[in-house]
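# Structural features, examined
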Amino acid sequence: MSITISPKALGNSNFRNDHGVRLAYVVGGMVKAIGSKSIVERMARAKLLSFFGAGGLSASAIEEAVSGLAARLGTEFPWGVNFLHNFVLPEAEEAVVDILLHHDVRRVEASAFITPTPALARWRLLGLSVTSDGSIRRRHQVMAKLSRGEVAKCFLKPVEPGIVARLLSRGDINDEQAKLAEFVPLCDDIVVEADSGGHTDKRVALALFPVIRRQRDAIVQRFKPASSVRIGLAGGLGSPEAIAAAFMLGADFVMTGSINQATVEAGTSDLAKDMLQKVGPQDCDMAPAGDMFEIGTKIQVLRRGSMFAARGNRLYDLYRSLESLDQISQRERTEIEEKCMGRSLEEVWEETASYYARVAPNELQEAEVNPKKKMAMVFRWYFIHSNRLTLEGDPSKKSNFQIHCGPAMAACNAWLAGTALENWRERHVDDIADKLMNQASSHILDKVMTWGNKTIAGSSIVSPGKQY
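Figured I'd write up the structure that's included with this text. Predicted, not measured: the structure shown is a model, and the values here were computed from it. (Residues numbered from 1 in each chain as written. Predicted model: local features only at pLDDT ≥ 70, side-chain atom pairs only at ≥ 80, totals over all residues. Heavy atoms only, no water.)

## Describing helix α7 (residues 161-169)
- Among the residues of α7, I163, V164 and L167 are the ones counted as buried. The buried residues of α7 occupy an angular sector of 100° when projected down its axis, which confines them to one face. Exposed residues pointing more than 90 degrees away from the buried face of α7 are listed as P161, G162 and S169.
- For α7, the secondary structure elements touched by its buried residues are α5 (118-125) and α8 (175-180).
- G171, located one to two residues past α7, shows a positive phi value of around 80°. (Buried < 20%, exposed > 50% of the residue type's maximum accessible area, 1.4 Å probe, protein only. Helix = DSSP H or I, 4+ residues; strand = E, 2+ residues; numbered from the N terminus. Arc of directions from axis to C-beta. Contact = heavy atoms within 4.5 Å.)

Below is the structure:
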């Protein structure tokens with residue numbers, strides 16, 4: 001008598017069918033192409049979904065990467081592109097949409113949105129059409145990654161009428177798409193993001209997930225199409241036990257993120273991977289997010305071996321307490337230039353001004369008359385710089401490495417310790433996925449059988465010989 005629970009049975013079957021995948025498991029996009037083309041291609045060919053990390057890249061770099069993926073994978077394989085909200089340059093989102101449309105990308109992972117933007121809405125609505133049987137086809141699938149109820153509410157409902165009207169008036173969508181907009185939610189899937197690496201509110205999964213799922217169910221009472229939105233879980237998922245707990249909590253699918261940085265395919269430096277492989281439970285810290293610096297948004301990063309978190313927090317403290325760069329004391333200024341920037345603040349501003357003169361001259365003009373804005377732009381440069389240093393992997397610059405990381409990495413390292421995958425050079429993203437899901441299914445079965453034996457004497461709550 002054999003009893004098994006297949007990893008293919010975990011999660012929502014509609015999720016697997018809609019995305020054409022064999023497991024309800026996703027690898028999220030990691031900025032600056034750390035969520036690399038290699039990750040996307042390897043996962044796709046294994047019939048698993050992942051997202052290219054387009055956040056923080058120039059339009060030309062995104063174009064090059066997406067065109068290559070589209071040529072090799074087309075629409076036959078499951079893959080997508082991370083669509084990171086651009087708080088500083090919202091017009092940059094429109095350029096990303098144009099690239100996605102040009103290469104017929106079918107899936108995006110919408111991340112860090114405070115509220116949905118016209119660019120994201122345009123991409124979603126341009127994928128709507130009516131099939132021969134009268135149903136609405138959603139050619140463009142949106143997976144929204146979020147941790148706040150008010151943001152979830154926006155994605156569970158249709159695109160706001162004001163945005164629809166604006167897109168229609170500009171000719172960005174047609175009359176049919178504008179009419180269909182009111183009958184579909186903005187997203188197909190929601191990832192409830194708990195205590196994750198990178199952008200995070202450090203929410204507790206056990207509390208956050210049920211709240212978002214109940215919010216979905218409440219909206220369904222007034223807007224029936226929201227019932228099709230699947231709710232997945234991310235953040236802190238670095239071990240089979242955590243994956244099992246996510247599915248037992250009711251997740252339709254799971255997403256892993258920063259643990260995939262310590263794999264062969266990840267697009268970061270070997271030194272960063274070496275550092276990640278040593279992460280323990282107490283080795284992470286919170287720092288300001290460079291892309292949302294002024295409003296105090298936080299990211300979770302690796303503390304062990306890097307001073308980035310402490311230095312980033314100090315820059316944010318200075319920004320809050322001062323009105324201009326001129327108010328920084330000479331001692332503090334020297335420390336910033338020598339330890340953080342590696343050059344003078346004047347040189348940082350020259351580089352920053354040159355960039356904004358090309359991409360956003362209005363922002364530059366405002367900074368030239370607003371000293372506090374100028375200070376923010378100079379400080380934001382450090383966050384871009386620290387990302388570059390991490391990707392380059394120069395050991396002499398390690399103290400400024402910005403490595404997005406959460407407690408899942410520690411759990412993953414502990415799980416793989418003493419196995420053939422202990423060294424990151426033996427870790428491949430699809431192998432990690434299969435190993436996590438296989439062991440999670442075994443863990444669930446063990447618990448179910450234990451509970452069954454304790455509560456139903458002499459019998460089992462799982463049918464013998466049947467695969468679940």
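## Focus: the environment of A360
- In this structure, A360 sits in the loop between α14 (345-359) and α15 (361-369).
- A360 gets classed as buried once you look at its relative accessible area, which sits at 4%.
- When the C-alpha positions of A360 and F401 are compared, they lie 27 Å apart, and in sequence the two are 41 residues distant.
- Beyond its immediate sequence surroundings of up to four residues, A360 is in contact with L89 and E91.

## Section: the environment of G280
- Relative to the helices and strands, G280 resides in the loop between α11 (270-276) and β12 (284-288).
- Since its relative accessible area comes to 17%, G280 is described here as buried.
- Residues G280 and A414, 134 residues apart in the sequence, show an inter-C-alpha distance of 8.1 Å.

## Focus on the pairing of strand β4 (residues 107-111)
- In terms of burial, β4 is largely enclosed, as five of its five residues are buried.
- The pairing of strand β3 (residues 80-84) with β4 spans four bridges and is classified as parallel. Along β4, the bridge assignment pairs F83 with A110.
- A crossover connection joins β3 to the parallel β4 through helix α4 (residues 91-102); in handedness this β-α-β unit is right-handed.
- Bridge analysis of β4 against strand β7 (residues 141-146) gives five bridges, and the strand direction is parallel. Paired with A110 across the bridge in β7 is A144. (Pairing = 2+ DSSP bridges. Right-handed = clockwise from strand over helix to strand, strands pointing away.)

## Some thoughts on the pattern of salt bridges
- What the rule picks out here adds up to 30 salt bridges.
- Put simply, R124 and D188 hold a salt bridge, and the shortest N to O gap is 2.7 Å. In this pair, R124 is assigned in helix α5 and D188 in the loop between α8 and β8 (189-193), connecting sequence segments 64 residues apart. With respect to burial, R124 and D188 carry one shared label: buried.
- With a shortest N-O distance of 3.8 Å, E335 and R331 are connected by a salt bridge. Taken as a pair, E335 and R331 lie in helix α13 (residues 330-341) at a separation of four residues, close to a single helical turn.
- Looking at R331, the relative accessible area reads 59%, which means it is exposed. (Salt bridge = Lys/Arg side-chain N within 4 Å of Asp/Glu carboxyl O.)

## Focus on helix α17 (residues 407-416)
- Within α17, seven of the ten residues are buried, which leaves the element mostly enclosed by the surrounding structure.
- Turning to α17, its buried residues are A408, M409, A410, C412, N413, W415 and L416.
- Backbone geometry just after α17 places G418 at a positive phi near 80°.

## Some thoughts on the packing of α4 against α5
- Contact geometry for α4 and α5: axes closest at 8 Å, N-to-C directions at 15°. Relative to α5, α4 is oriented roughly parallel. Between α4 and α5 lies a crossing of right-handed hand. Residues E93, E94, V97, D98, L100 and L101 of α4 form the contact with α5, whose participating residues are P118, A119, R122 and W123. (Axes fitted to C-alpha atoms, helices over the stretch in contact; angles between N-to-C directions. Parallel < 35°, antiparallel > 145°, perpendicular 65-115°, else oblique. Left-handed = near helix turned anticlockwise from the far one by under 90°.)

## Let's talk about the pairing of β7
- Most of β7 sits out of view: six of its six residues are buried.
- Burial of β7 is two-sided: the residues Q141, M143 and K145 facing one way and the residues V142, A144 and L146 facing the other way are all buried.
- As paired elements, β7 and β8 share four bridges and run parallel to each other. When the sheet's bridge partners are listed, A144 is paired in β8 with I190.

## Re the sheet that holds strand β13 (residues 298-302)
- The strand order across the open sheet built from three strands is β9-β13-β12, with neighbouring strands paired in antiparallel fashion. Edge positions in the sheet fall to β9 (198-199) and β12, since each has one partner strand and no second.
- Pairing of β9 with β13 involves two bridges; the strand directions are antiparallel. Within the sheet, the bridge partner assigned to H199 lies in β13 and is I299.
- Set on the sheet, helix α12 (residues 308-321) makes contact with β12 and β13; between it and β12 the angle comes to about 30°.

## With respect to the nonpolar core
- Counting 122 residues, the largest nonpolar core has Y25, W79, F83, M143, F155 and I190 as its most contacted members.
- The biggest single contributor to this core is helix α18 (residues 429-455), with nine residues.
- With residues near it in sequence (within four places) discarded, F83 still touches E93, V96, V97, L100, V108, E109, A110, S111, F113, A119 and L120.
- Within the second largest apolar cluster, 35 residues are counted, among which are V88, F293, F308 and W349. (Core = buried A, V, L, I, M, F, W, Y, C linked by side-chain atoms within 4.5 Å.)

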